[in-house]
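Observations on chain architecture
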Amino acid sequence: MDWPLVVGGCVAAGAAFFAGASGFGMGLLATPLLLLTGFSLPFVVTANLLNSLATRIGVVFRLRPAIDRRRAALLVCGALPGLYAGARLLHAVDAHTFKLVAGIVTVVGAAATAGLDRRPPHGRPMRRTLLAAGFAGGVLATTTSLSGVPPALLLTRRRTAGISFMADLAVYFVATSALGLAALALAGTFGGHRLWPTLAYWLPGVLLGNWAGTSLGLRVPDRAFRQAAIVLALVAGVATIATAG
């Protein structure tokens with residue numbers, strides 16, 4: 001049996017469940033764990049973006065009445081130059097460096113999210129703040145597939161209502177995933193060994209996990225799921241940093 005393929009499928013499905021329940025976190029969980037399983041960084045980035053695109057389209061349709069169009073549009077507009085810049089960086093920098101970066105970003109992002117989740121709200125995000133968060137997420141999307149960290153931190157800091165949080169991030173993930181895949185293809189860093197057969201094997205579990213997570217997340221408070229995702233992400237990020245050399 002191809003154990004990396006099986007383990008990778010379980011990781012992808014589990015990440016999709018937590019992402020569905022909390023509105024974000026697929027990259028936070030999947031990226032370091034898939035790297036630890038032995039998959040290459042270009043493969044992990046491409047696979048995560050494809051999985052995110054496949055799962056978030058349904059969430060956008062399901063939660064479309066809750067979308068804040070202005071906020072989502074500003075996040076996406078900010079991401080456009082970041083996606084291209086990140087794709088060029090992935091092509092130019094060695095994989096070990098980005099593996100270390102992925103681990104550090106995972107730990108910092110998870111820790112920051114945990115800290116901000118306990119603080120009082122900080123007003124409505126301004127246009128330049130949304131654009132900046134979108135740009136940072138765009139760079140991370142095509143380098144580590146951790147596009148959700150900056151916008152999730154911003155919306156968490158503003159205590160955006162749960163359903164609106166999930167809806168706006170879903171729009172952002174669909175746009176950045178689709179455009180990020182195009183940027184990777186243009187930069188020549190799309191994919192990896194056995195990408196399509198592997199994704200075909202993983203996709204049913206990813207879709208099922210996302211559906212189950214989203215259904216559960218809409219019925220119960222999402223804080224417990226965010227906390228669980230944060231703890232797992234911290235552990236995975238530390239392990240990724242430790243094995244990056």
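Right, let's walk through the structure included here. None of these values were measured; they are calculated from a predicted model. The residue numbers shown here count from 1 along each chain, following its written sequence. A pLDDT threshold of at least 70 governs which residues receive local features in this predicted model, and a stricter bar of 80 or more applies before side-chain atom pairs are shown or counted, although totals over entire chains, interfaces and linings include all residues. The side-chain figures draw on all heavy atoms in the structure; neither hydrogens nor water molecules are used.

Describing the overall build of the protein chain
Counting from the N terminus, the helices are DSSP H or I runs at least four residues long and the strands are E runs at least two residues long. The secondary structure content of the protein chain amounts to ten helices and zero strands. Order of helices (α) and strands (β) in the protein chain, N terminus to C terminus: α-α-α-α-α-α-α-α-α-α. A separation threshold of at least 6 residues defines the contact pool for the protein chain, and within that pool the share at least 24 residues apart is 88%. Per-residue and other accessible areas follow the Shrake-Rupley method at a 1.4 Å probe size, with only the shown protein chains counted as cover for residues. About 10,300 Å² of surface is accessible on the protein chain, with carbon and sulfur atoms providing 71% of the total. Here, two residues are considered to be in contact whenever any of their heavy atoms come within 4.5 Å of each other.

Regarding the packing of aromatic side chains
Each Phe, Tyr or Trp ring (for Trp, its six-membered ring) is paired with any other whose centre lies within 6.5 Å, and the angle between the two planes then decides the class: stacked below 30 degrees, edge-to-face above 60, tilted in between. One pass over the full model with this rule turns up five aromatic pairs. Centroid distance Phe43 to Trp202: 6.0 Å. Interplanar angle 85°. Geometry classified as edge-to-face. One end of the pair, Phe43, is in helix 3 (residues 41-62); the other, Trp202, is in helix 9 (residues 195-217), with 159 residues separating them in the sequence. Neither residue differs from the other here; Phe43 and Trp202 are each classed as buried. One aromatic cluster in this structure is built from Phe39, Phe43 and Trp202. We note Arg64 situated over the ring of Phe61; from NZ or CZ to the ring centre the distance is 4.1 Å. Here's how the labels work: a residue is buried when its accessible area is under 20% of the maximum for its type, exposed when over 50%, partly exposed in between, all with a 1.4 Å probe on protein chains only. Charge-over-ring contacts are defined here by two conditions on Lys NZ or Arg CZ: a distance within 6 Å of the ring centre and an angle within 35 degrees of the ring normal.

Focus on the packing of helix 6 (residues 127-143) against helix 7 (residues 149-157)
Here, axes are lines fitted to C-alpha atoms. For helices the fit covers the stretch in contact, and angles between N-to-C directions go from 0 to 180 degrees. Relative orientation of the contacting elements helix 6 and helix 7 amounts to 150°, with a least axis distance of 7 Å. In terms of orientation, helix 6 lies roughly antiparallel with respect to helix 7. Between helix 6, through Thr129, Leu130, Ala133, Ala136, Gly137 and Leu140, and helix 7, the contact on the second element is made entirely by Pro150, Pro151 and Leu154. Side-chain classes are defined by residue name, with Ala, Val, Leu, Ile, Met, Phe, Trp, Tyr, Cys and Pro counting as nonpolar, Asp, Glu, Lys and Arg as charged, and the others, Gly among them, as polar. Broken down by class, the residue content of the contact of helix 6 with helix 7 amounts to seven nonpolar, two polar and no charged. To sort the angles, those under 35 degrees are grouped as roughly parallel, those over 145 as roughly antiparallel, those from 65 to 115 as roughly perpendicular, and the leftovers as oblique.

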